[in-house]
Amino acid sequence: MQVEVQEYCDRSDKDFLCRIFGEAIKAGARTVIIADTVGCSLPSEISRLVTYIKAHTPGIANATISLHCHNDLGLANANTLAGIEAGAREVEVTINGIGERAGNAALEEVVMAIKCRKELMGGLYTGVNTKYISSISKMVVEYTGLNVQSYKAIVGANAFSHESGIHQDGILKFRGTYEFISSEEIGLDQTSESGIVLGKLSGRHALKSRLLKLGYDLDETELDDAFKKFKSLTAKKKHITNDDIEEMVCSKSFQSQPVWSLGDLQVMHGTMGFSTAAVKLLNLDGKERISSSVGKGPVDAAYKAIDNIVQTPIKLVEYTNSAADGIHAIYKTQVVISEDNDDISTHPSSVIAHDHGNGHTCLEKLNGHGLSSSGSGENLDVVVASVEAYLKAVNRILAKKESN
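Only a predicted model underlies this, so the values are computations on that prediction, with no experimental measurement involved.

Among the nonpolar cores identified, the biggest contains 25 residues, and Trp260, Leu281, Ile306, Val310, Ile337 and Tyr390 are the most heavily contacted of them. Looking at this core, the elements with two or more residues in it are strand E6 (275-282), helix H11 (298-310), strand E9 (331-339) and helix H13 (382-403). When residues of this core are assigned to their parent elements, the largest contribution, nine residues, is made by H13. When residues no more than four places from it in sequence are discounted, the contact partners of Leu281 are Trp260, Ser261, Leu262, Gly263, Lys287, Glu288, Arg289, Ile306, Ile309, Val310 and Leu391. Of all hydrophobic cores here, the second largest spans 24 residues; its members include Ile46, Ile53, Ile60 and Ala105.

Set out below in structure tokens:
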């Protein structure tokens, strides 16, 4: 049995609350709930109230004090934590902080605060498996259609992103320098280089790290030249993609003639069976090649159809996709691929440099998966954007092979 008294914000008499709670406990209530329904309380008020109720409510030792805090002043999480410190042992929270008006206390923030600052919380714990926080947050977004603000603590898209050069350098050396919470703790499987957003504030270390990830191992002189181009590019563009970096490092002549270009694309997908895709590509002579394939989704099917035409073993290393809100959003796709060649994988790792006759050098790292490359695409259709990105990366692999 529970009893709830709402809207405390210096608007309810504390002794009256204690009398009500005492009578409810006498009648069998085992949980008494304080609800700041209008979200007007401050943490100090909540702390004083919980402390007072513990001291003046008859039979309170036989009941649990619970809190229900709204976020109208942006203090729902702070109020909840203040109540816990004062003795509340049950709190009502919501995934992503969704709720009436400005929302409620956010489960992910309250849980992680307790977990990360348990030395200040008297050793309390919640029993929540935090590795599911990221996935359940995304599930709630999917089912409710309520997107999470990018700067939202814990589960926002920028929560583990770093753009400042000083921060990036620290993160690349040791993630704990600027990440109080490990991304793995909430279920994000990130590599040591993930979360680095290249922009005008990024430094040489971040650029070099991204170049190595893409397969380019530059010496100091080449890195100096690349960094100058990078800084010039950041003056024109806010965020620098892997595609931008490839174009910056390699000469224009190296990328000007794509081996394959997209002619037509058609996909069929839904809930009945596998997705299918038919792709028509044009080669350098303008001749058409058509192939179709099935896959686990439309993008997978389209990529397999392209592979059938290109006839080069390719492994998809990384695929990311983003779009702004709205039904007419432009999808932005970024892929990283590598040549999946067993013959190459038997050779030791090395670096090959190619001079294209104009003073620019394009470097590819030959590793366990062969040559690597990246590509990006933008389109109102997510499958078309994905195919454009994949084709651009495939063309770069083929061009690199040709130059070898």
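Reading across the sheet, the three strands line up as E5-E6-E7 and stay open at both edges, with antiparallel pairing between neighbours. Since the sheet does not close on itself, it has two edges, and those belong to strand E5 (261-268) and strand E7 (288-295), each with one partner. Going from strand to strand, the sheet's axes swing by 15 degrees on average, the running direction of each strand aside. In this sheet, E7 lies alongside E6 in antiparallel orientation, the contact comprising eight bridges. Within the sheet, the bridge partner assigned to Val279 lies in E7 and is Ser291. Here H11 sits on the sheet and contacts E5, E6 and E7; the angle it forms with E7, its principal contact strand, is near 140 degrees.

Our next topic: a nonpolar patch on the surface. Together, Ile136, Met139 and Tyr143 line one region of the surface with nonpolar side chains, adding up to about 330 Å² of accessible area. Structurally, Met139 can be placed in helix H5 (residues 133-144).

Close inspection of predicted coordinates is inappropriate for parts of the model with low pLDDT. For the chain, the average pLDDT comes to 78, and 76% of its residues sit at 70 or higher. Averaged over each element, pLDDT in the chain is lowest for strand E10 (residues 350-355) (29) and highest for helix H3 (residues 76-86) (95). Scored below 50 in pLDDT, residues 251-256 shows 13 contacts in the model against residues more than four places distant or in partner chains. Every residue in residues 343-369 scores below 50 in pLDDT, and together they form 62 contacts with partners more than four places removed in sequence or on other chains.

Attention shifts here to H11. Its 13 residues place the ends of H11 18 Å apart at the C-alpha level, agreeing with the 18 Å of an ideal helix rising 1.5 Å per residue. Looking only at H11, the buried set comprises Pro298, Val299, Ala301, Ala302, Tyr303, Ala305, Ile306, Ile309 and Val310. After H11 finishes, the residue Gln311 shows a positive phi value of roughly 60 degrees.

Moving on, we come to the pattern of salt bridges. Within this structure, the stated rule accounts for nine salt bridges. Salt-bridge contacts for Arg117 lead to Glu119; the nearest nitrogen and oxygen are separated by 3.0 Å. You can call Glu119 exposed: its relative accessible area is 52%. Residues Asp300 and Lys304 are paired through a salt bridge, measuring 3.3 Å at the closest nitrogen-oxygen approach. Taken together, the residues span about one helical turn, with Asp300 and Lys304 both in helix H11 at a distance of four residues. Among the ionic contacts, a cluster of salt bridges with common partners joins Glu108, Glu109 and Lys152.

With that out of the way, let us pick up the packing of aromatic side chains. One pass over the structure, following the stated rule, counts two aromatic pairs. Between Phe227 and Phe230, the aromatic rings sit 6.0 Å apart at their centres with planes inclined by 25 degrees, giving stacked as the arrangement. Taken together, the positions of Phe227 and Phe230, both in helix H8 (residues 220-234) and three residues apart, correspond to about one turn of that helix. A residue is classified by how much of its surface remains accessible, and Phe230, at 0% relative accessible area, is buried. Between Tyr303 and Tyr390 the ring centres are 3.9 Å apart and the planes differ by 10 degrees, which places this aromatic pair in the stacked class.

This part takes up helix H1 (residues 14-26). With 13 residues, H1 extends 18 Å from end C-alpha to end C-alpha; this agrees with the ideal 18 Å at 1.5 Å per step. Where H1 begins, the capping side chain belongs to Asp13, and its oxygen is found 3.1 Å from the backbone nitrogen of Asp15.

Scoring rules and cut-offs
Each residue is numbered by its place in its chain's sequence as written, counting from 1. In keeping with the model being predicted, local features are shown solely for residues with a pLDDT of at least 70 and side-chain atom pairs are shown and tallied solely at 80 or more, while totals for entire chains, interfaces and linings include all residues. Hydrogens and water are ignored here; the side-chain numbers use all heavy atoms of the structure. Among buried residues, the Ala, Val, Leu, Ile, Met, Phe, Trp, Tyr and Cys ones that are joined through side-chain atoms within 4.5 Å form a nonpolar core. The rule is simple: take the accessible area with a 1.4 Å probe, protein chains only, and divide by the maximum for that residue type; under 20% is buried, over 50% is exposed, in between is partly exposed. Numbering of helices and strands runs from the N terminus; a helix is a DSSP stretch of H or I covering at least four residues, while a strand is a stretch of E covering at least two. In this analysis, two residues are considered to be in contact whenever any of their non-hydrogen atoms come within 4.5 Å of each other. Pairing between strands requires that DSSP locate at least two bridges from one strand to the other. Axes here refer to lines fitted to C-alpha atoms; in helices the fit is confined to the stretch in contact. Angles between the N-to-C directions go from 0 to 180 degrees. Patch membership needs two things, relative accessible area over 30% and no salt bridge, and members are linked within 9 Å if like-charged or within 5 Å if nonpolar (Val, Leu, Ile, Met, Phe, Trp, Tyr). In these tables, accessible area is a Shrake-Rupley quantity obtained with a 1.4 Å probe, and a residue counts as shielded only by the protein chains included in the view. Salt bridges are counted wherever a side-chain nitrogen of Lys or Arg sits within 4 Å of a carboxyl oxygen of Asp or Glu. As a per-residue measure, pLDDT reflects the predictor's confidence and takes values from 0 up to 100. Any helix carries an expected span of 1.5 Å times its number of residues minus one. Note on ring pairs: Phe, Tyr and Trp rings are taken, using the six-membered ring of Trp, and paired if centres are within 6.5 Å. Classes follow the plane angle, with under 30 degrees stacked, over 60 edge-to-face and the rest tilted. Under the rule applied, a polar contact is a pair of N or O atoms within 3.5 Å (in protein, one hydrogen donor and one hydrogen acceptor; residues adjacent in sequence only if both atoms are side-chain atoms).

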